[in-house]
Amino acid sequence: MSAKVEAKTFRLDGLKWLLVLLLVGAAVAGNSYYAEFPLLYRVLAMVALCVVALVVAVNTAKGDAFWSLLREAQTEVRRVVWPTRQEATQTTLIVVVFVLIMALILWALDSALGWAASKVIG
């Protein structure tokens, strides 16, 4: 890509982001300005404006990169080997038992140090 095309894309992206901000601002201001209208209509209008803003945002360089990241993350989630129910249950029980044992050890240590401190202090 030449420098002119990159600069033009950058300016267009800036305008797109400005449009996104204006759309979101219009949704917020419109919700406040049309407070006398039923909540359902205001919510529908806000959702519609935010969807349009999202479509514009996705059509920027950063939006496209973010969308690609989401698609790659979805692909990675499909590749994960999830544990079986038995493995998940056993791991959970191991963690619970370890936490209980550590709680007892810390309670005993706290009690012993508290007893020792009370003997030193008087």
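Here the residue numbers are simple positions, counted from 1 along each chain's written sequence. The predicted origin of the model limits local features to residues at a pLDDT of at least 70 and limits the giving and counting of side-chain atom pairs to 80 or more, whereas totals for whole chains, interfaces and linings rest on all residues. Side-chain numbers here rest on the full set of heavy atoms in the structure, without hydrogens or water.

## Side note on the environment of Tyr33
- For the purposes of this entry, the term helix denotes a DSSP run of H or I that reaches at least four residues, the term strand denotes a run of E that reaches at least two, and both are numbered from the N terminus. Here Tyr33 shows up in helix α1 (residues 3–33).
- Sequence separation between Tyr33 and Leu23 is 10 residues; the distance between their C-alpha atoms is 15 Å.

## Side note on the pattern of salt bridges
- Salt bridges are defined as contacts in which a side-chain nitrogen from Lys or Arg sits within 4 Å of a carboxyl oxygen from Asp or Glu. This model, assessed by the stated rule, comprises one salt bridge.
- The closest approach of N and O atoms between Glu76 and Arg79, which form a salt bridge, is 3.2 Å. Pair noted here: Glu76 and Arg79 are both in helix α3 (residues 61–79), with a separation of three residues, about one helical turn.
- A 1.4 Å probe rolled over the protein chains alone gives each residue an accessible area, and that area as a share of the maximum for its type sets the label: buried under 20%, exposed over 50%, partly exposed in between. Judged by its relative accessible area of 44%, Glu76 is partly exposed.

## Here we look at the UniProt feature "transmembrane region" (unreviewed entry) in the protein
- UniProt positions are given in the numbering used here, feature names are shortened, and annotations may be inferred rather than shown by experiment. UniProt tags residues 39–61 and 88–109 as "transmembrane region" (unreviewed entry).
- The span residues 39–61 carries 91% helix and 0% strand; its end-to-end C-alpha distance comes to 35 Å.
- When the span residues 88–109 is considered, its composition is 100% helix and 0% strand, and the gap between its end C-alpha atoms is 31 Å.

## Thoughts on the side chain of Asp13
- In this fold, Asp13 is placed in helix α1.
- For the purpose of charge, His is not counted, nor are the chain termini; Lys and Arg are scored as positive and Asp and Glu as negative. Buried Asp13, no salt bridge; nearest opposite-charge side chain is Lys16, N-O distance 4.3 Å.
- Whether two residues are in contact is decided by their heavy atoms: any pair within 4.5 Å suffices. Those residues in contact with Asp13, other than ones at most four positions away along the chain, are Asn59, Thr60 and Ala61.

## A word on the confidence of the model for the protein
- A score from 0 to 100, pLDDT tells how confident the predictor is in each residue. Averaged over all residues, the pLDDT of the protein equals 90, while 91% of them reach at least 70.
- Across the protein, element-level confidence peaks in helix α4 (residues 85–121) with a mean pLDDT of 97 and bottoms out in α1 with 80.

## What about a nonpolar patch on the surface?
- Residues Val95, Val97, Phe98, Val99, Ile101, Met102, Ile105, Leu106, Leu109 and Leu113 make up a contiguous nonpolar surface patch of roughly 930 Å² in combined accessible area.
- With respect to the helices and strands, Ile105 occurs in helix α4.
- Judged by its relative accessible area of 46%, Ile105 falls in the partly exposed class. Residues form patches when they are more than 30% accessible in relative terms and have no salt bridge. Like charges link within 9 Å. Nonpolar side chains (Val, Leu, Ile, Met, Phe, Trp, Tyr) link within 5 Å. Only the protein chains shown count as cover for residues, with accessible areas throughout obtained via the Shrake-Rupley method and a probe of 1.4 Å.

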